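# Architecture at a glance
Residue-level listing of the chains:
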Amino acid sequence: MNDIRSELESQGLMFPDFKRSNVELAKEIARGNGSLIGKCGEKLFFLVIDALGYDLLEKAIARSAVLRNSLERAEIRKISTVFPSFTPTVFTSIDSGLTPAEHGIIGSPLPIKEYGTFQDIFGASWWPAANNSSDTTSMQPLFPSPYTVLKMAKRKGFYYLQDESIIQKTKDAEALKRINTLFYISQDDFLFQARSLLKSARLVYAYLGEIDHIQHVYTKGTRHGFAVAVLGLERLAEKLIPQLKSSGWKLVITADHGQISVRKSDMLLIGPRSRLMQDLSMPPWGAESAVFFEVAESRQKSFEDQFERLLGKKFLLFNSEEAIRSGLFGKPSTKPWLRYRFGTHIAISKGAYTLKYLKPGMQPQPMRFDVRGHHGGMTKEEMEVPLLIA
């Protein structure tokens, strides 16, 4: 467990590059310049497309004449996302400017000592609500303030264009009341509102989530899943990019993560009676490709031996403290009140494998197909995201 980065890279996995990341990109846009973005210019449209991995964009451009023509003069580079490559983790970092080591949103469900339970992160507001961000309470907010977004909002003509379902979850957020916010209910609605903003706005931060859902269901490796993803990108190219160019806007596109395709047979389960559970003081948690464990005192050697025997061919196991110090989560340390969320050990998938804890009485979710799109791990497909400037 000594050289974590080397061991990960020897497995073909990608260690996050926080200096060249989607998080750093958002911070540069907020301040108006930087090594990734150059000068922002007077009008900039910042679009984060959920699950648009670099590999997917590259293949889509190669396949689509519409995309090749539209993006002929665009600059496209690879940058990194954070780890775990898990949507709430990444967007908490993009919106706040903090690394996972600093904010502690590293999976779902997540143990929250203050609540005395495991919290479903997808069901929570990803920005602090006004009633739990006051200095008058001793309880820390579950999520940090969106410092980067608030800095963007200081620029004249800023708008935040977001999916209705996410706005509904954050409707009580203090920050949401301080910025110009618009929601959309479909991709056509998104395109209509985005084009309408070009007349009055100067900086837009927008999100599109459709491609993520498509890949989760059909996977990018199928003809169906890939074709539908390409169609969505072509609509952007035909209906938005020309209007941006003719109106003097700079377009910047990135993603929160990419995706891999995982076979049903490689979706591993841990039940309450699993041998591993005998060494744990609580159930495991995390993002299925990045799973955290709290090993009971004096049971470390037993747990590590059993893990290697049962799961060592498909997962790497590290001491969490060593993983934090390696910079895997950004900063080489975490706040004392957050440290417990990282457990004593972390298991990282060696590839297209997942690991999930099934609570007593819980049944595996039925699958439409034998393969499912997934993210959260450290494969290049998940970690490499595009930086597209047009």
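These numbers were taken from a predicted model, which means no experiment stands behind them.

Reading the values: the criteria
- Residues numbered from 1 in each chain as written.
- Predicted model: local features only at pLDDT ≥ 70, side-chain atom pairs only at ≥ 80, totals over all residues.
- Heavy atoms only, no water.
- Pairing = 2+ DSSP bridges.
- Helix = DSSP H or I, 4+ residues; strand = E, 2+ residues; numbered from the N terminus.
- Axes fitted to C-alpha atoms, helices over the stretch in contact; angles between N-to-C directions.
- Polar contact = N/O pair within 3.5 Å; in protein donor to acceptor, adjacent residues only side chain to side chain.
- Contact = heavy atoms within 4.5 Å.
- Salt bridge = Lys/Arg side-chain N within 4 Å of Asp/Glu carboxyl O.
- Buried < 20%, exposed > 50% of the residue type's maximum accessible area, 1.4 Å probe, protein only.
- Parallel < 35°, antiparallel > 145°, perpendicular 65-115°, else oblique.
- Left-handed = near helix turned anticlockwise from the far one by under 90°.
- Nonpolar A, V, L, I, M, F, W, Y, C, P; charged D, E, K, R; others polar.
- Core = buried A, V, L, I, M, F, W, Y, C linked by side-chain atoms within 4.5 Å.
- 1 Å grid on protein atoms, 1.4 Å probe; cavity = no way out; pocket = protein on both sides within 12 Å on 5 of 7 lines; lining within 4 Å.
- Points joined across faces, edges and corners; volume = space filled by probe spheres on them.

## Considering the sheet that holds strand E4 (residues 75–80)
The strand order across the open sheet formed by seven strands is E4-E19-E10-E3-E9-E7-E8, and the pairing between neighbours is mixed. The strands lining the two open edges of the sheet, one partner per strand, are E4 and strand E8 (181–184). Direction aside, neighbouring strands of the sheet carry axes that sit 20 degrees apart on average. Where strand E7 (residues 158–163) and E8 come together, four bridges link them in parallel fashion.

## Examining the side chain of Thr89
Its place among the elements puts Thr89 in helix H5 (residues 87–96). A polar atom in the side chain of Thr89 sits 2.8 Å from the backbone oxygen of Ile105. Apart from the residues within four sequence positions on either side, Thr89 is in contact with Val82, Phe83, Pro84, Pro100, His103, Ile105, Ile106 and Gly107.

## Digging into the sheet that holds strand E14 (residues 290–293)
In spatial order, the strands read E13-E14-E16-E15; together these four strands make up an open sheet with antiparallel pairing. Since the sheet does not close on itself, it has two edges, and those belong to strand E13 (285–286) and strand E15 (315–319), each with one partner. When E13 meets E14, the two strands line up antiparallel, connected through two bridges. Directly across from Trp285, in E14, lies its bridge partner Phe292.

## Looking at the pattern of salt bridges
Taken as a whole and assessed by the stated rule, the structure comprises 16 salt bridges. Where Asp55 meets Lys220, a salt bridge forms, and the shortest distance between an N and an O atom there is 2.5 Å. Pair noted here: Asp55 is in helix H3 (residues 54–63) and Lys220 is in the loop between helix H10 (210–218) and helix H11 (223–239), with a separation of 165 residues, a long-range link. For the residue pair Asp55 and Lys220, the accessibility class agrees, reading buried in each case. A salt bridge links Arg325 to Glu321, with the nearest nitrogen and oxygen atoms 3.8 Å apart. Here Glu321 and Arg325 lie together in helix H14 (residues 320–325), a separation of four residues that amounts to about one turn. Residue Glu321 is classed as partly exposed on the basis of its relative accessible area of 31%.

## Observations regarding the packing of helix H2 (residues 22–31) against H5
One can describe the packing of H2 onto H5 by two numbers: an axis separation of 8 Å at closest approach and a directional angle of 25 degrees. Comparing their axes, H5 and H2 come out roughly parallel. The interaxial crossing formed by H2 with H5 has right-handed handedness. Residue-level contacts link Asn22, Val23 and Ala26 of H2 to Val90, Ser93 and Ile94 of H5. Of the residues that constitute the contact of H2 with H5, the class distribution is four nonpolar, two polar and no charged.

## Let's talk about unusual backbone geometry
Cis geometry is adopted by the peptide bond preceding Pro84, which originates at Phe83 and carries an omega value of 0 degrees. Locating Pro84 in the fold gives a position in the loop between E4 and H5. The residue after Ser108, namely Pro109, is reached through a cis peptide bond having omega 0 degrees. Along the chain, Pro109 falls in the loop between helix H6 (100–103) and strand E5 (110–112). One non-glycine residue, Ala51, adopts positive backbone phi at about 75 degrees. In this structure Ala51 comes out as buried when scored by relative accessible area, which is 0%. Phi at Glu288 takes a positive value of approximately 70 degrees, unusual for a residue other than glycine.

## Here's the deal with H2
In terms of burial, H2 is largely enclosed, as eight of its ten residues are buried. Among the residues making up H2, those that are buried are Asn22, Val23, Glu24, Leu25, Ala26, Glu28, Ile29 and Ala30.

## Observations concerning the nonpolar core
Core analysis: the largest hydrophobic core is formed by 104 residues, its most contacted members being Leu8, Ile29, Phe45, Phe46, Phe190, Tyr205 and Phe329. Apart from the residues lying within four places of it in its own chain, the contact partners of Leu8 are Leu13, Phe15, Leu316, Phe318, Leu328, Ile348 and Met378.

## Looking at empty space enclosed by the protein
Per the counting criterion, the structure on display carries three cavities of 30 Å³ or more. In this model, the largest cavity occupies a volume close to 120 Å³. Forming the walls of the largest cavity are 14 residues, and the residues nearest its centre are Leu71, Leu233, Leu236, Ile241 and Ile253. Mapped onto the lining of the largest cavity, the elements with two or more residues apiece are strand E3 (44–49), H11 and strand E10 (250–254). A total of three residues in the lining of the largest cavity trace back to one element, the largest contributor, which is H11. Grouping the constituent residues of the lining of the largest cavity by class yields 14 nonpolar, no polar and no charged. Looking at the second largest cavity, its volume works out to about 60 Å³. Around the second largest cavity, the lining residues are Ile49, Gln187, Leu208, Glu210, Ile211, Gly232, Leu233 and Leu236. Counting residues per element, the ones that place at least two in the lining of the second largest cavity are H10 and H11.

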